[in-house]
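# Overview (structure and organization)
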Amino acid sequence: GVAVLDVSGTSSIGGNITTTGTQDYNGVVTLTAGVTLDSGTNQAITFGSTIVAGSALALTLDAGGAEVTFTGAVGAGQALGAIIINSGSLNADAAITAASMTVSGVSDLVGTVTTSGIQTYTGAVTLDSAGATNIIAASTATFSGGIVGGGNNLDLNGNISTGGTITGVAVLDVSGTSSIGGNI
């Protein structure tokens, strides 16, 4: 591995990448295989543009407690496989499309997250769509740490399971079954 990875142009990634410092991908990232990106202990991983793949390839991210940032769309045109954020928080500023998504830390979501399978959020989820509606489409979306709405609407297309409190959501619309374990 290397200490810090900063790519200003486009990236084609087909192998695992391990650094002891931050990873910054400023151009379009194309996955050519399922990969793991590991930035070490408490080091951010930032994607400044879109992430694409020709098929449903897995993306595993280990930021050691730091933030993983998606600035552009993830899985645009072709859904990624499983997206797993093992250690770290998620800051998603654009749409995400994948087979499934698991986030171990807190999440800040803007826009739509669509998966054909499950979505699991262990930490609190903050909806940050500036008055717009957040859409989460999944077979089942599990929110162990609760949801902080910030006055935004949330459309959940699929089943929902919550263990934490849901606060500040203007309109909560669930199209599937609900298992509410926290206060609303």
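Turning our attention to the pairing of strand β18 (residues 153-162). Relative to β18, strand β16 (residues 133-143) runs parallel, the two being bridged by nine bridges. Residue threonine 142 lies in a different strand from β18, and its bridge partner there is serine 161. Across three bridges, β18 lies against strand β20 (residues 172-174) in parallel orientation. Within β20, the position partnered with leucine 156 by the bridge is valine 174. Where β18 and strand β21 (residues 178-180) come together, three bridges link them in parallel fashion. Among the inter-strand pairings, serine 161 is bridged to a residue of β21, identified as serine 179.

Turning our eyes to something else, we now look at the environment of valine 28. In this structure, valine 28 sits in the loop between β4 (23-25) and β5 (29-31). Looking at valine 28, the relative accessible area reads 29%, which means it is partly exposed. The residues contacting valine 28, other than those within four sequence positions of it, are Thr10, Ser11, Ser49, Thr50 and Val52.

What follows covers the environment of glycine 54. With respect to the secondary-structure elements, glycine 54 resides in the loop between β8 (51-53) and β9 (59-70). As a C-alpha pair, glycine 54 and threonine 20 span 34 residues in sequence and 29 Å in three-dimensional space.

This part covers unusual backbone geometry. With a phi close to 55 degrees, asparagine 42 is a non-glycine residue in the positive phi region. Mapped onto the fold, asparagine 42 is located in the loop between β6 (35-38) and β7 (45-47). For asparagine 42, a relative accessible area of 48% translates into the label partly exposed.

Further remarks concern the side chain of serine 100. In this fold, serine 100 is placed in strand β11 (residues 96-103). Apart from residues lying up to four places away in sequence, serine 100 is in contact with Gly81, Ala82, Ile83, Thr115 and Ile118.

Right, let's get into the packing of aromatic side chains. A full pass over the atoms with the stated rule returns three aromatic pairs. Their ring planes at 40 degrees and their centres at 5.5 Å tell us that phenylalanine 47 and phenylalanine 70 sit as a pair that is tilted. Here phenylalanine 70 lies in strand β9 and phenylalanine 47 lies in strand β7, a separation of 23 residues in the sequence. Judged on exposure class, the residue phenylalanine 47 and its partner phenylalanine 70 are both buried. For the ring pair tyrosine 121 and phenylalanine 143, a centre distance of 5.2 Å and an interplane angle of 5 degrees mean the geometry is stacked. Note that tyrosine 121 is positioned in strand β14 (residues 119-121) and phenylalanine 143 in strand β16, a separation of 22 residues in sequence.

The next subject is the sheet that holds strand β2 (residues 11-13). On the basis of which strands lie adjacent, the open sheet formed by three strands has the order β2-β5-β8 and parallel pairing. A strand with exactly one partner marks an edge of an open sheet, and here the two such strands are β2 and β8. Going across the sheet, the axis of each strand differs from the next one's by a mean of 25 degrees, ignoring polarity. In terms of strand pairing, β2 meets β5 through three bridges, oriented parallel. Paired with serine 12 across the bridge in β5 is threonine 30.

Thresholds, definitions, all that
- Residues numbered from 1 in each chain as written.
- Predicted model: local features only at pLDDT ≥ 70, side-chain atom pairs only at ≥ 80, totals over all residues.
- Heavy atoms only, no water.
- Pairing = 2+ DSSP bridges.
- Helix = DSSP H or I, 4+ residues; strand = E, 2+ residues; numbered from the N terminus.
- Buried < 20%, exposed > 50% of the residue type's maximum accessible area, 1.4 Å probe, protein only.
- Contact = heavy atoms within 4.5 Å.
- Phe/Tyr/Trp six-rings, centres within 6.5 Å; stacked < 30°, edge-to-face > 60°.
- Axes fitted to C-alpha atoms, helices over the stretch in contact; angles between N-to-C directions.

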